[in-house]
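Summary of the model geometry
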Amino acid sequence: MKEVVNTKSAPQAIGPYSQAIKTECFVFISGQIPVDPATGSISGKDIKEQTEVVLKNLKAIVEASGSSINKIVKTTCFLKDINDFPEFNKVYESFFKAGFSGEENSFPARSTLGGLQIPKGALVEIEAVAISNCSS
């Protein structure tokens with residue numbers, strides 16, 4: 001089983017890919033950049049603001065799939081400038097602390113890469129894998 005996930009609460013794909021693909025046990029969420037779904041433009045002037053927009057978009061997609069942020073098990077994060085990591089990390093940490101219902105230090109596994117060119121000149125992009133509702 002493979003199901004395409006699409007929500008208007010997050011930016012529409014800007015290429016030949018889906019916002020997310022849901023399988024029986026997992027949701028694979030495509031990389032999200034800080035695009036405002038209403039305007040289609042980059043939103044946020046610095047790494048903190050752009051990270052907040054990306055995580056909001058990620059949350060909208062994972063919820064549209066029927067899962068939730070507390071079921072995200074892996075993220076891959078891409079930064080234009082690795083020197084932005086400390087500020088990025090503060091926003092990322094607060095987002096997942098809020099989403100994990102008080103579970104201490106229960107963050108997703110993560111990889112973070114820096115020094116990259118990200119579409120539309122964004123400062124950050126995040127992709128994720130979440131647990132779906134497995135029947136087994």
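Higher on the page you've got the structure.
Predicted, not measured: the structure shown is a model, and the values here were computed from it.

**Looking at the pairing of strand β3 (residues 26-32)**
- When you tally the buried positions in β3, you get five out of seven residues, the bulk of the element.
- In the sheet, strand β2 (residues 20-23) pairs with β3 via three bridges, with the strands oriented antiparallel. Looking across to β3, one finds that Ala-20 is bridged to Ile-29.
- Where β2 folds back on β3, the antiparallel hairpin that results is connected by two residues.

**Brief notes about the nonpolar core**
- Residues Ile-29, Leu-55, Leu-58, Ile-72, Phe-88, Val-124 and Ile-126 are the most contacted members of the largest nonpolar core, which totals 26 residues.
- At the level of elements, β3, α1 (47-64), β4 (72-79), α2 (85-99) and β6 (124-131) are the ones that each hand at least two residues to this core.
- Of the residues forming this core, the biggest block, seven residues, is contributed by α1.
- Residues Ile-33, Phe-78, Ile-118 and Ala-122 belong to the second largest nonpolar core, which totals five residues.

**Details of unusual backbone geometry**
- Despite not being glycine, Lys-120 shows a phi value in the positive range, around 60°.
- Locating Lys-120 in the fold gives a position in the loop between β5 (109-113) and β6.
- Using a relative accessible area of 47% as the deciding quantity, one classes Lys-120 as partly exposed.

**Here we look at the sheet that holds β2**
- Strand order in the open sheet formed by six strands is β1-β2-β3-β6-β4-β5, with mixed pairing between adjacent strands. What marks the edges here is a single partner per strand, and that holds for β1 (2-5) and β5. Strand-to-strand twist in this sheet, taken as the mean axis angle between neighbours without regard to direction, amounts to 15°.
- Alignment of β1 against β2, held across four bridges, turns out to be antiparallel. Each residue of the ladder has a partner; that of Lys-2, found in β2, is Thr-23.

**Comments concerning the side chain of Asn-57**
- Positionally, Asn-57 belongs in helix α1.
- Within the structure, the side chain of Asn-57 is placed 3.0 Å from the backbone oxygen of Val-35, a separation counted as a polar contact.

About the thresholds
- Residues numbered from 1 in each chain as written.
- Predicted model: local features only at pLDDT ≥ 70, side-chain atom pairs only at ≥ 80, totals over all residues.
- Heavy atoms only, no water.
- Buried < 20%, exposed > 50% of the residue type's maximum accessible area, 1.4 Å probe, protein only.
- Helix = DSSP H or I, 4+ residues; strand = E, 2+ residues; numbered from the N terminus.
- Pairing = 2+ DSSP bridges.
- Core = buried A, V, L, I, M, F, W, Y, C linked by side-chain atoms within 4.5 Å.
- Axes fitted to C-alpha atoms, helices over the stretch in contact; angles between N-to-C directions.
- Polar contact = N/O pair within 3.5 Å; in protein donor to acceptor, adjacent residues only side chain to side chain.

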